[in-house]
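Listed below are the residues making up each chain.
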Amino acid sequence: MAKSSTHLTDDQFISGLKANNNEILNALYKKYYHLVLKLVVNNSGNSDLAQDLYQETIIAVYENVQKPQFQLNCQLQTYIYSIAKRLWLKQLKKNGNTYLFKEEEENDLVDVTEDVGFHLEKENNILKMNTSLGLLGEPCKTLIQDFYVNKKSMDEIAEKFGYTNADNAKTQKYKCLQRLKKYFFEKEIELNE
C-alpha cells in the first residue's frame with residue numbers, strides 16, 4: 001500500500017515523477033493545490049483559474065523533473081509555489097494587471113529561506129481583509145478600493161460619489177477606514193480553509 005501524500009518526502013515525490021508513477025503524480029496534485037489556490041485568489045483570480053494554473057504548474061514541474069540535469073535545490077513546496085507565481089504573473093501581465101505584484105518579484109524566484117508560515121499568515125490576513133471589506137458594504141467598500149487599489153484621487157472620488165468636495169470625500173474615507181479596522185481587528189472572522 002502506498003504512503004499517503006502527507007508522509008511522502010520531497011525525494012520520494014521527485015523519484016516517483018521521474019519513474020512516471022501516476023499514484024505519486026496524483027498525490028502531488030492533491031498536496032499543494034491549496035498553496036496555488038491562495039496565490040491566485042489573493043491576486044485577482046478565482047478557483048477555476050487556480051485549477052488551470054495548478055495544472056500548468058504540475059506539468060512544468062513534471063517536465064523539469066524529467067530533464068537529466070534536474071536537481072531540487074529547495075523544498076518541493078517552494079519550487080511549486082515559485083513556478084505557479086511566475087505563471088500567474090505572466091497571466092496577470094497579459095491581462096494588464098501588473099500592479100498586483102512588485103516589479104522586482106518578476107525576475108525573482110521565491111527565496112528558499114523565506115518562512116512559509118509568514119506567507120501563510122500574510123495570506124490569511126489578506127483573506128480576512130477581503131472578508132472585512134465585504135462586511136463593510138457600499139459605498140465604503142468601493143471608496144476604499146478606489147483610493148488604495150485603483151489609486152484614484154480624492155477629487156475623482158468626490159465626483160464619483162457625489163460629495164461636494166475632496167475634503168468631504170476624505171472625511172468619508174476616514175469613517176470607512178475606522179469601520180474597516182473595527183471589522184478587521186475586533187470581530188473574529190472565521191475563514192473556512
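Quick caveat, the model's predicted, so the values are computed rather than measured.

A. Spatial organisation of the nonpolar core. Formed by 28 residues in total, the largest nonpolar core has its most connected members in Leu28, Leu76 and Ile80. Broken down by secondary-structure element, the contributors of at least two residues to this core are helix 1 (10–18), helix 2 (22–31), helix 3 (33–41), helix 4 (47–66) and helix 5 (76–94). Counting residues per element, this core draws most heavily on helix 5, at eight residues. Once residues lying within four places of it in the same chain are set aside, the contact partners of Leu28 are Phe13, Leu17, Tyr54, Ile58, Leu76 and Ile80. Ile144, Leu177, Leu180 and Tyr183 belong to the second largest nonpolar core, which has eight residues in total.

B. Quick peek at the confidence of the model for the protein chain. Scored by pLDDT, the protein chain comes out at a mean of 76, with 77% of its residues at no less than 70. Per-element confidence in the protein chain ranges from a low mean pLDDT of 68 for helix 6 (residues 116–136) to a high of 90 for helix 8 (residues 154–161). Across residues 102–115, where pLDDT falls below 50, the model places 17 contacts with residues more than four positions away in sequence or in other chains. Contacts from residues 189–193, a stretch scored under 50 in pLDDT, to residues over four places away or in other chains number eleven contacts.

C. Looking closely at helix 5. Look at helix 5: 27 Å from first C-alpha to last across 19 residues, which is about the 27 Å you get at 1.5 Å a residue. For helix 5, the set of buried residues is Leu76, Thr78, Tyr79, Ile80, Tyr81, Ser82, Ile83, Ala84, Lys85, Trp88, Leu89 and Leu92.

What counts, and where the lines are drawn
- Residues numbered from 1 in each chain as written.
- Predicted model: local features only at pLDDT ≥ 70, side-chain atom pairs only at ≥ 80, totals over all residues.
- Heavy atoms only, no water.
- Core = buried A, V, L, I, M, F, W, Y, C linked by side-chain atoms within 4.5 Å.
- Buried < 20%, exposed > 50% of the residue type's maximum accessible area, 1.4 Å probe, protein only.
- Helix = DSSP H or I, 4+ residues; strand = E, 2+ residues; numbered from the N terminus.
- Contact = heavy atoms within 4.5 Å.
- pLDDT = per-residue confidence, 0-100.
- Expected span 1.5 Å × (residues − 1).

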